[in-house]
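Here is what each chain is made of, one letter per residue.
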Amino acid sequence: MVNDDTRIQRDRRARILEAGLEVFSVEGFAGATLDGLANAAGLSKPNLLYYFPSKEAVYLALLERLLDTWLDPLRVLDPDGDPVVEFLAYVRRKLHLARDYPRESRLFAGEVLRGAPVLESELSGELRDLVDAQARVISGWMAAGRIAPSEPHHLIMSVWALTQHYADFAVQVSAVLGDARDPWEEAEAHLTTMFTRMLTG
């Protein structure tokens, strides 16, 4: 019975988080309500509150899980690899992350647009430390003449801007390109060409 209860609890927590991802990515934090979260999860509000005491708790759980996923593509940049190959692989990983997790991308964007009240310490701590470390790797490649010089922090941030745009502004992208075109395939080809020229020019 304990195992069944534990499984049910895990399943319900997962349902609530899945519902929260959908609701927060569409409605934003301010627009989301406990009633909306409970309805999306197929639970009563008291049942939801048994697992999460507030909508803030659901939101925090989602963001904590998301940040780790969001940092993974940059973590695996190999200092000993070929710089162009490594950086282009990073671009593709970020683009694929935006493609495969568009709701998570919009959730993260919404948090940042709110001034990052939940993630502020992580952004100025774990995220900044990782970016600083990988910027030093890129600077080393540049100093050795292995890739063209540029400002490494802005180079990394340009990848964020140029990949997450396709998830965060998917409606705009679709309106411009139309339904017959695959924005992700085209974006990968375009960004590969653009960053190759930037890194080798």
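Above this text sits the structure in question.
Residues numbered from 1 in each chain as written. Predicted model: local features only at pLDDT ≥ 70, side-chain atom pairs only at ≥ 80, totals over all residues. Heavy atoms only, no water.

1. Remarks on the pattern of salt bridges
Which entries qualify depends on this criterion: Salt bridge, as applied in this entry: a Lys or Arg side-chain nitrogen positioned within 4 Å of an Asp or Glu carboxyl oxygen. Comment: elements are numbered from the N terminus, with helices defined as DSSP H or I runs of at least four residues and strands as E runs of at least two. Note on classification: 1.4 Å probe, protein chains only; a residue is buried when its accessible area is under 20% of the maximum for its type, exposed when over 50%, partly exposed between these limits.
Under the counting rule described, the total for this entry stands at 10 salt bridges. Residue Lys-45 is joined to Asp-35 by a salt bridge in which the shortest nitrogen-to-oxygen separation is 3.5 Å. Placement of the pair is Lys-45 in helix α3 (residues 45–51) and Asp-35 in helix α2 (residues 34–41), with a sequence separation of 10 residues. Exposure remark for Asp-35: the relative accessible area of 41% places this residue in the partly exposed category. Here Asp-68 makes a salt bridge to Arg-75, at a shortest N to O gap of 3.1 Å. In this structure Arg-75 comes out as partly exposed when scored by relative accessible area, which is 32%. Linked through salt bridges whose partners overlap, the residues forming this network are Asp-68, Asp-72, Arg-75 and Glu-126.

2. Brief notes about the packing of aromatic side chains
Our working definition: Any Phe, Tyr or Trp ring, taking Trp's six-membered ring, that has another such ring centre within 6.5 Å forms a pair; planes under 30 degrees apart are called stacked, those over 60 apart edge-to-face, and the others tilted.
All chains considered together, the criterion is met by 8 aromatic pairs. Both rings, one in Tyr-166 and one in Trp-184, keep their centres 5.9 Å apart while their planes meet at 50°; by these two values the pair is tilted. Here Trp-184 lies in helix α10 (residues 183–200) and Tyr-166 lies in helix α8 (residues 152–168), a separation of 18 residues in the sequence. By relative accessible area, which is 18% here, Tyr-166 ends up buried.

3. Points about the nonpolar core
The following threshold applies: Put simply, a nonpolar core is a bunch of buried Ala, Val, Leu, Ile, Met, Phe, Trp, Tyr and Cys residues held in one set by side-chain atoms that sit within 4.5 Å of each other. Any two residues whose heavy atoms approach within 4.5 Å at even a single point are treated as in contact.
Counting residues in each nonpolar core, the largest one holds 56 residues, and the members touching the most others are Ile-16, Phe-24, Phe-87, Leu-107, Ile-138 and Phe-195. Not counting chain neighbours up to four residues away, the residues in contact with Leu-107 comprise Leu-21, Phe-24, Ser-25, Tyr-59, Leu-62, Leu-63 and Leu-66.

4. Remarks on the environment of Ile-138
Tracing the backbone shows Ile-138 in helix α7 (residues 120–143). Between the C-alpha atom of Ile-138 and that of Tyr-101, which follows or precedes it by 37 residues, the distance is 27 Å. Ignoring sequence-local partners within four residues, the contact set of Ile-138 consists of Leu-77, Phe-87, Ile-147, Pro-152, Leu-155 and Ile-156.

The analysis is restricted to geometry; functional conclusions fall outside its scope.
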